[in-house]
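# An overview of the molecular structure
Below, each chain spelled out in residue letters.
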Amino acid sequence: MLENGDIETFVARSPVLEILNIHGSIKGWVRLWLVSNSLRCVQVCNSKTESIAVVNAPCLESLILSESMNRDKDNDKCTRVKIGNAPKLRLFGYLDPGKYVLETPATVIKAGMEATPSMMLTTVKILSFDVCFGVHKDINMMPTFLICFPNVEMLHVKIVINPSGNLNPRFWEDQAGPIISVQFRIKVMTFSEFRREQYDLSFLQCFFESAQILEYAVITMANPRFTSLSVDEMLSSLQNMSNGKWASKFNLDVNESDGEGDGHWTFEQGADFSDEDPFTPYEIPSSPVTKQQESQDGESASTEVLDTW
């Protein structure tokens with residue numbers, strides 16, 4: 001059982017540690033403070049954490065939070081995630097509005113906030129969401145979260161099924177305003193657990209009408225237990241959307257569920273620095289997402305094209 005301070009002590013005594021994986025039960029509610037000049041990847045899965053603060057991690061590239069144990073029917077406690085000094089952070093997920101409260105050094109992010117420089121996390125290029133479209137509190141946070149990441153180029157959205165949800169199906173048309181990353185940055189979008197619900201179609205229609213440089217969209221059907229529709233029926237429903245209003249021409253693929261329903265991320269993939277995007281379960285030809293790498297001797301940055309598996 002881990003207790004408060006155990007991980008910080010371990011990290012402080014490991015000056016060359018690059019990968020930190022935390023999995024399983026933790027005694028009580030743990031507050032995790034990350035201070036390290038060497039950490040490049042932090043992954044937390046199936047753990048009860050009160051807060052995760054990236055205080056000073058100048059080399060951190062990936063922060064992956066999965067399957068938080070904080071929410072149950074009797075406990076709506078959220079984990080506070082504060083991003084401080086992390087100038088190389090380029091990959092962040094799975095950001096669940098119902099499980100995490102996002103903070104920057106000067107701002108606690110709340111639904112409906114006006115965009116300010118203090119709430120922006122400009123280095124993140126790859127962002128993944130888990131979201132209950134049927135829960136108003138959760139979906140109300142999603143546009144604000146997206147505003148905080150103005151330079152995202154690849155967006156992953158996975159729907160967490162919530163049969164008791166109740167939401168205005170026109171939420172995205174009526175309440176979500178313009179978002180810079182959606183309009184001018186995102187080139188690849190994946191959408192998992194698609195069931196052709198009105199909530200799903202509303203989000204996709206709004207996204208496609210705004211995404212001006214979108215090149216690829218991959219829609220994955222929900223597990224067959226939750227839908228009886230075929231791939232052809234799903235594709236037909238998407239093609240029948242008002243594509244005359246879509247902001248760009250892009251490749252649209254619809255795939256069957258593999259039955260796993262939880263995506264394809266693993267600790268091994270997340271810690272593989274040669275895998276630019278461990279959230280992507282599909283091969284996207286000539287993926288446009290790029291990574292700028294500055295040389296140690298101060299030479300001009302070079303552009304490396306992402307090659308997904």
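Residues numbered from 1 in each chain as written. Predicted model: local features only at pLDDT ≥ 70, side-chain atom pairs only at ≥ 80, totals over all residues. Heavy atoms only, no water.

## Considerations on unusual backbone geometry
Leaving glycine aside, a negative phi is the common case for residues, and trans is the common case for peptide bonds. Cis peptide bonds are those with omega within 30 degrees of zero, and the linkage from G93 to Y94 qualifies with -15 degrees. On the secondary structure map, Y94 appears in strand 9 (residues 91-95). The phi dihedral of E193 falls on the positive side, at around 70 degrees, and the residue is not glycine. Mapping E193 onto the fold places it in strand 14 (residues 188-194). On the basis of relative accessibility, which here comes to 8%, the residue E193 falls in the buried class. Residue R196 is not a glycine yet carries a positive backbone phi of 65 degrees. (Helix = DSSP H or I, 4+ residues; strand = E, 2+ residues; numbered from the N terminus. Buried < 20%, exposed > 50% of the residue type's maximum accessible area, 1.4 Å probe, protein only.)

## Points about the packing of aromatic side chains
Tallying each qualifying case throughout the model produces 14 aromatic pairs. Plain terms: the ring middles of F92 and F149 are 5.9 Å apart, the flat faces sit at 55 degrees to each other, and that makes the pair tilted. Here F92, found in strand 9, pairs with F149, found in the loop between helix 2 (136-147) and strand 13 (154-159); they are 57 residues apart in sequence, far enough to count as distant. Judged on exposure class, the residue F92 and its partner F149 are both buried. Taken together, a centroid distance of 5.9 Å and an interplanar angle of 35 degrees make the contact between F203 and F207 tilted. Here F203 and its partner F207 are both found in helix 5 (residues 198-210), four residues apart, which amounts to about one turn of the helix. (Phe/Tyr/Trp six-rings, centres within 6.5 Å; stacked < 30°, edge-to-face > 60°.)

## So, the side chain of S181
For S181, the location among the structural elements is in helix 4 (residues 180-184). A relative accessible area of 1% places S181 in the buried class. With sequence-adjacent residues up to four places away left out, S181 is seen in contact with L146, F149, P150, V152 and I186. (Contact = heavy atoms within 4.5 Å.)

## Brief notes about the sheet that holds strand 5 (residues 62-66)
Pairing within the open sheet is parallel, and its nine strands lie in the order 1-3-5-9-12-13-14-15-16. Single-partner strands in this sheet number two, and they are strand 1 (19-23) and strand 16 (251-255). With strand direction ignored, the average angle separating the axes of adjacent strands in the sheet is 10 degrees. Looking at chain direction, strand 9 and strand 12 (residues 126-131) are connected through three bridges and run parallel. Counterpart to L95 in the pairing with strand 12 is F129. In the packing of helix 2 onto the sheet, the strands contacted are strand 9, strand 12 and strand 13, and the crossing angle to strand 12 comes to about 175 degrees. Lying over the sheet, helix 6 (residues 231-239) contacts strand 14, strand 15 (216-221) and strand 16, oriented at roughly 145 degrees with respect to strand 16. (Pairing = 2+ DSSP bridges. Axes fitted to C-alpha atoms, helices over the stretch in contact; angles between N-to-C directions.)

## Describing helix 5
Here helix 5 spans 18 Å end to end across 13 residues, near enough to the 18 Å set by a 1.5 Å rise per residue. Residues of helix 5 that are buried include every one of D200, L201, S202, F203, L204, Q205, C206, F207 and F208, and no others. (Expected span 1.5 Å × (residues − 1).)

## Structural notes on empty space enclosed by the protein
Under the criterion given, the structure shown has three cavities of 30 Å³ or more. Lining the second largest cavity are S62, R90, L91, Q269, G270, D272, F273, D275 and P278. By residue class, the composition of the lining of the second largest cavity is three nonpolar, three polar and three charged. (1 Å grid on protein atoms, 1.4 Å probe; cavity = no way out; pocket = protein on both sides within 12 Å on 5 of 7 lines; lining within 4 Å. Points joined across faces, edges and corners; volume = space filled by probe spheres on them. Nonpolar A, V, L, I, M, F, W, Y, C, P; charged D, E, K, R; others polar.)

## Considerations on the environment of I7
Within the fold, I7 resides in helix 1 (residues 6-12). Classification of I7 by relative accessible area gives buried; the value is 10%. When the C-alpha atoms of I7 and L32 are compared, they prove to be 7.4 Å apart, with 25 residues separating the residues in sequence.

## Thoughts on the sheet that holds strand 8 (residues 79-85)
Across the sheet, which stays open at both edges, the five strands sit in the order 2-4-8-10-11 with mixed pairing between neighbours. Edge positions in the open sheet fall to strand 2 (30-35) and strand 11 (107-108), since each of these has one partner strand only. Looking at chain direction, strand 2 and strand 4 (residues 49-56) are connected through six bridges and run parallel. If you follow L34 over to strand 4, its bridge partner there is V54.

## A look at the pattern of salt bridges
This structure, assessed with the given rule, holds seven salt bridges. D130 is the partner of K158 in a salt bridge, and the nearest nitrogen-oxygen pair spans 3.8 Å. Placement of K158 in strand 13 and of D130 in strand 12 is noted, with a sequence separation of 28 residues between them. The structure contains a network of salt bridges with shared partners spanning E18, R40 and E61. (Salt bridge = Lys/Arg side-chain N within 4 Å of Asp/Glu carboxyl O.)

## Digging into a nonpolar patch on the surface
Residues W33, V35 and V55 make up a contiguous nonpolar surface patch of about 280 Å² in total accessible area. Its place among the elements puts W33 in strand 2. Of the residues examined, W33 reaches a relative accessible area of 49% and is grouped as partly exposed. (Patch = residues over 30% accessible without salt bridge, like charges linked within 9 Å, V, L, I, M, F, W, Y side chains within 5 Å. Areas by Shrake-Rupley, 256 points an atom, 1.4 Å probe, with all protein chains shown as cover.)

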